[in-house]
Amino acid sequence: MTPILEIDAVSKRFVKELDVAERTARFLGSKIEPLAIHAVDGVSLSIGRGEVLGLVGESGCGKSTLGRMVAGLTTPSEGHIRFRDADVASLTGAAAREAALKIQMVFQDPMSSLNPRLRVDEIVGEAPRVHGIVPRKETAAYVDDILSRCGLDPSVRRRYPHQFSGGQRARIGIARALAVKPDFIVCDESVAALDVSIQAQVLNLFMRLREELNLTYLFISHDLGVVEHISDRIAVMYLGRLVELGTAEDLMARPNHPYTQALVAEIPTFETKKKQYSAIKGEIPSPMNPPPGCHFHPRCPHAHPRCKAERPTLREVAPGRFSACHLNDEGAASTAA
Amino acid sequence: MTLLQVEDLATHFFTRDGVAKAVDGVSFSLDRGEILGLVGESGSGKSVTGFSLLGLVDPPGRIVSGKIVFDGEDLVKGGEPMMRTLRGKRIAMIFQDPMMTLNPVLRIDTQMVETVLAHERISRKSALERCREALARVGIASPDERLKSYPHQFSGGMRQRVAIAIALLHEPDLIIADEPTTALDVTIQAQILSEVQKLCADTGLAMIWITHDLAVVSGLADQLAVMYAGKIIETGETGRVIEAPLHPYTKGLIASVPQGQKHGALLAQIPGTTPSLLNLPEGCSFRPRCPRADAACQEEPPLGALLPGRAARCFHPHLDERREALAS
Ligand SMILES: Nc1ncnc2c1ncn2[C@@H]1O[C@H](COP(=O)(O)OP(=O)(O)O)[C@@H](O)[C@H]1O
Ligand SMILES: Nc1ncnc2c1ncn2[C@@H]1O[C@H](COP(=O)(O)OP(=O)(O)O)[C@@H](O)[C@H]1O
Ligand code: SF4
Ligand code: SF4
Ligand SMILES: [Mg+2]
Ligand SMILES: [Mg+2]
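All values derive from a computational prediction rather than experimental measurement.

A count of helices and strands for chain B gives eleven helices and twelve strands. Its C-alpha radius of gyration of 21 Å places chain B within 12% of the 20 Å reference for a compact globule of 328 residues. If one aligns the C-alpha atoms of chain B with their principal axes, the spans along those axes are about 65 × 50 × 40 Å. Residues classed as buried in chain B amount to 52% of the 328 residues present. When contacts within chain B are restricted to residue pairs at least 6 apart in sequence, long-range pairs at least 24 apart make up 63% of them. Accessible surface for chain B amounts to roughly 13,800 Å². Of this, 51% is attributable to carbon and sulfur atoms.

Here's what the structure looks like:
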């Protein structure tokens, strides 16, 4: 597998703004201060050409931040992202523009990422025209072709985003990303807002486009069921860190990391009898004040003294399978497998 | 024992663009201690059904016909005065966003005690004790500490637990839960489902669990009611519906979830999109998307009892596959 993209020890830190409830509380005299967050904490990954890498984890674990860094929408605080061997952040001029076009992002909420005052043909056709990807005269035909590829009737080209259903808007978002002929697409919760029947249509579209256009995806979702279906490999994050990585089927069948085990156990599945829900305990800790050592230790059923003191490193526990859990070097791997 | 019997309920919105029949002839019943899963895609009328039961539908919407018989009394006939005496006391509601229930500027103990005292004349001390018990019942570990906190000090999952605890304060007979775990992460959702399950089993509390996620309710609900465009199109015991759905829409919904499907294979998809309520097709509303549609479907199908305890609104239900499923 030749990597098309390499994420090398990447971290991102933010200063967190206060939310409404917190601002209200501060107004009323509580001592609440903005805090620094380690949103992404030393993540290394490489993605092969034509691969679909699924990225899962619960909200706030840093998936979007990692995706935005890959798409060049924000820069890492530390580490490097290399696209076809070139460090994305250090490119300038034409090379930077070229790289920026080759990696596109498709967002969760198509309504907020589509300009409401532009018609569909302008939304889809603008970037390829500006960047000279197609001659001006051919833009209309080019846009029609992309719309049909994305399952939209080209006759809708003069409509505005609000005249479409959620599923159709998702397709417009995809068409816009494809219009600049990218090689790599970061899909950030791209089907999360859709009803199941529409979600299936859009997932099918993603799978078909990948085949037809030889695309590579970083497919971000909180929904492990969706990720499992579409991905070749799956990366699991917890509080900014990568905790497990492996091929989709194998990772789902034999999760190694206790957190992955919990996630796999708790994906809602169709039941024909009442299910005994036996959830792992505890809350997702605040990323502003993560637990020391292994971030997962307060919730982990296998936690032991070392877990509080020492951060487990991600290492290969079986061919192609990586996990960050101390159990793996204590001969106790069988309890985790 | 029947706690709630809804008969032919219709709630319409009289908008400038026309009449949206958000709930259009909905019937179901619920026993004490039972959990009903009310499922459907967005806009199918689930929330409006829930709001109707509590008399919380605002203009331009109103209940235009039907009966809501709760513990022997018709709430539609009783109107707002009767609804008011029941709301929050015998029938409580929880929402997707717990901040619909919680007041951001009040401490949890203040708002919970107020809630108790609003309906009951007991001492502040016993009210506080009641609050402590309610928090403990939803799996909150150190209730005393939580009582002295403000909502902003909690995570989303903890806020939802507190909202459920508030709903429990008057020991209601029925809780209507509208997408209460939709915004939560899976591990937190599983915790809440486990608490709710215990609660219903231990106390005889009945619940209507509204969700778009068929998989979530499949492990929780006793009965399912599937909604499409303002109507219940299929009902029955949960396991039977999941195993062998009768209605083509239910069957399509189950098939479009990427679960137990071949890895990477194209998913079965229901073509088209959910219709606008202002522009429904003649006859069966599912007709333009239905693989089984024929000329008969230009009439409106009734919700027919097709099997014991099972009903579907369809002229060509999947009865055949059901026999195969039983045989295998
Ligand atoms: N622009 C930002 N400013 C401050 N904090 C941020 C910003 N973006 C993300 N964060 C914080 O970083 C953490 C990771 O966020 P995110 O990458 O959005 O997670 P996910 O997509 O997995 O839900 C969260 O705690 C979030 O609040
Ligand atoms: N305030 C309102 N004004 C007009 N129509 C409304 C209003 N509220 C709901 N509706 C109509 O009722 C339908 C059902 O809404 P709702 O019960 O919220 O759906 P669900 O909860 O299943 O997503 C909507 O599609 C909309 O047409
Ligand atoms: S390192 Fe320790 S706490 Fe972390 S997942 Fe492994 S056993 Fe659990
Ligand atoms: S009545 Fe006809 S159109 Fe409607 S669901 Fe049944 S077969 Fe399909
Ligand atoms: Mg995100
Ligand atoms: Mg709703």
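On to the environment of Ala136 of chain B. Along the polypeptide, Ala136 of chain B turns up in helix α4 (residues 124–137). Measuring from C-alpha to C-alpha, the distance between Ala136 of chain B and Thr15 of chain B comes to 45 Å, with 121 residues separating the pair along the chain.

Further remarks concern the interface of chain B and chain A. Contacts between the two partners involve 52 residues from chain B and, on the opposite side, 48 residues from chain A. Both sides of the chain B and chain A interface together cover about 4,200 Å² of buried area, and 57% of this is carbon and sulfur. Together, His152, Thr187 and His263 of chain B form the three largest contributors to the area buried by chain B at its contact with chain A, with a combined 15%. Inspection of the chain B/chain A interface yields two salt bridges. Here Glu283 of chain A makes a salt bridge to Arg146 of chain B, at a shortest N to O gap of 3.9 Å. Across the contact surface, chain B and chain A share 23 residue pairs in polar contact (both at pLDDT 80 or more). When contributions to the side of chain B that touches chain A are tallied by element, the ones reaching two or more residues are α6 (156–168), α7 (186–203), α8 (214–218), α9 (238–243) and α10 (248–256) of chain B. The residue makeup of the side of chain B that touches chain A, split by class, is 23 nonpolar, 19 polar and ten charged.

Take the site of ligand 2 next. Residues and elements named next belong to chain B. Near ligand 2, the surroundings consist of Phe13, Thr15, Ala22, Glu41, Ser42, Gly43, Ser44, Gly45, Lys46, Ser47, Val48 and Leu277. Backbone polar atom of Gly45 to an oxygen atom of ligand 2: 3.0 Å apart, as the coordinates give it. Here Val48 contributes a backbone N or O atom positioned 2.8 Å from an oxygen atom of ligand 2. For ligand 2, whose accessible area on its own is 560 Å², the fraction buried by protein is 65%. When contributions to the shell around ligand 2 are tallied by element, the ones reaching two or more residues are β1 (2–15) and α1 (46–53). Across the shell around ligand 2, the residue classes break down as four nonpolar, six polar and two charged.

What follows is about the UniProt feature "domain: ABC transporter" (unreviewed entry) in chain B. Per the UniProt record, "domain: ABC transporter" (unreviewed entry) is found at residues 4–254 of chain B. Annotated as 40% helix and 28% strand, the span residues 4–254 of chain B places its first and last C-alpha atoms 28 Å apart.

So, on to the site of ligand 3. What surrounds ligand 3 is a group of 14 residues, the closest being Cys294, Cys300, Cys307, Cys325 and His326 of chain A. For the shell around ligand 3, the per-class residue count stands at nine nonpolar, five polar and no charged.

With 62 residues, the main nonpolar core has Met112, Val162, Ile175, Trp209, Leu214 and Tyr249 of chain B as its most contacted residues. The element contributing the most residues to this core is α6 of chain B, with seven residues. Those residues in contact with Leu214 of chain B that sit more than four places away from it in its chain are Phe270 of chain A together with Val39, Leu224, Ile242, Leu253 and Ile254 of chain B.

Moving on: a nonpolar patch on the surface. A surface patch of nonpolar side chains, about 400 Å² in accessible area, is lined by Phe27 and Leu28 of chain A together with Val105 and Leu106 of chain B. As for its placement among the helices and strands, Val105 of chain B is situated in the loop between β6 (91–94) and α3 (108–119). Taking relative accessible area as the criterion, Val105 of chain B reaches 37% and is therefore assigned partly exposed.

Now for the sheet that holds strand β5 (residues 73–74) of chain B. Residue and element names in this part refer to chain B. Strands sit in the order β2-β1-β4-β5 across an open sheet of four strands; the sheet is antiparallel. Of all the strands in the sheet, just β2 (18–31) and β5 have a single pairing partner and so form its edges. Pairing of β1 with strand β4 (residues 61–70), which is carried by eight bridges, proceeds in the antiparallel orientation. Residue pairing for β4: Gln5 is matched across the bridge by Val69.

Once that is clear, we can look at the packing of helix α7 (residues 166–178) of chain A against helix α8 (residues 196–213) of chain A. Residue and element names in this part refer to chain A. It is at 10 Å that the axes of α7 and α8 come closest, and there the two elements cross at 20 degrees. Comparing their axes, α8 and α7 come out roughly parallel. Relative to α8, α7 is oriented so that their crossing is right-handed. Note on element contacts: α8 touches α7 through Ile198, Gln201, Val202, Leu205, Phe206, Leu209 and Leu213, opposite Gly167, Ala170, Arg171, Ile174 and Leu178. Of the residues assigned to the contact of α7 with α8, the class counts are nine nonpolar, two polar and one charged.

What counts and what doesn't
- Residues numbered from 1 in each chain as written.
- Chains lettered and ligands numbered in written order.
- Predicted model: local features only at pLDDT ≥ 70, side-chain atom pairs only at ≥ 80, totals over all residues.
- Heavy atoms only, no water.
- Helix = DSSP H or I, 4+ residues; strand = E, 2+ residues; numbered from the N terminus.
- Rg over C-alpha atoms; globule rule 2.2 N^0.38 Å.
- Buried < 20%, exposed > 50% of the residue type's maximum accessible area, 1.4 Å probe, protein only.
- Contact = heavy atoms within 4.5 Å.
- Areas by Shrake-Rupley, 256 points an atom, 1.4 Å probe, with all protein chains shown as cover.
- Buried area = accessible area lost by both parts, 1.4 Å probe.
- Salt bridge = Lys/Arg side-chain N within 4 Å of Asp/Glu carboxyl O.
- Polar contact = N/O pair within 3.5 Å; in protein donor to acceptor, adjacent residues only side chain to side chain.
- Nonpolar A, V, L, I, M, F, W, Y, C, P; charged D, E, K, R; others polar.
- Near = heavy atom within 4 Å.
- UniProt positions renumbered as here; feature names shortened; annotations may be inferred.
- Core = buried A, V, L, I, M, F, W, Y, C linked by side-chain atoms within 4.5 Å.
- Patch = residues over 30% accessible without salt bridge, like charges linked within 9 Å, V, L, I, M, F, W, Y side chains within 5 Å.
- Pairing = 2+ DSSP bridges.
- Axes fitted to C-alpha atoms, helices over the stretch in contact; angles between N-to-C directions.
- Parallel < 35°, antiparallel > 145°, perpendicular 65-115°, else oblique.
- Left-handed = near helix turned anticlockwise from the far one by under 90°.

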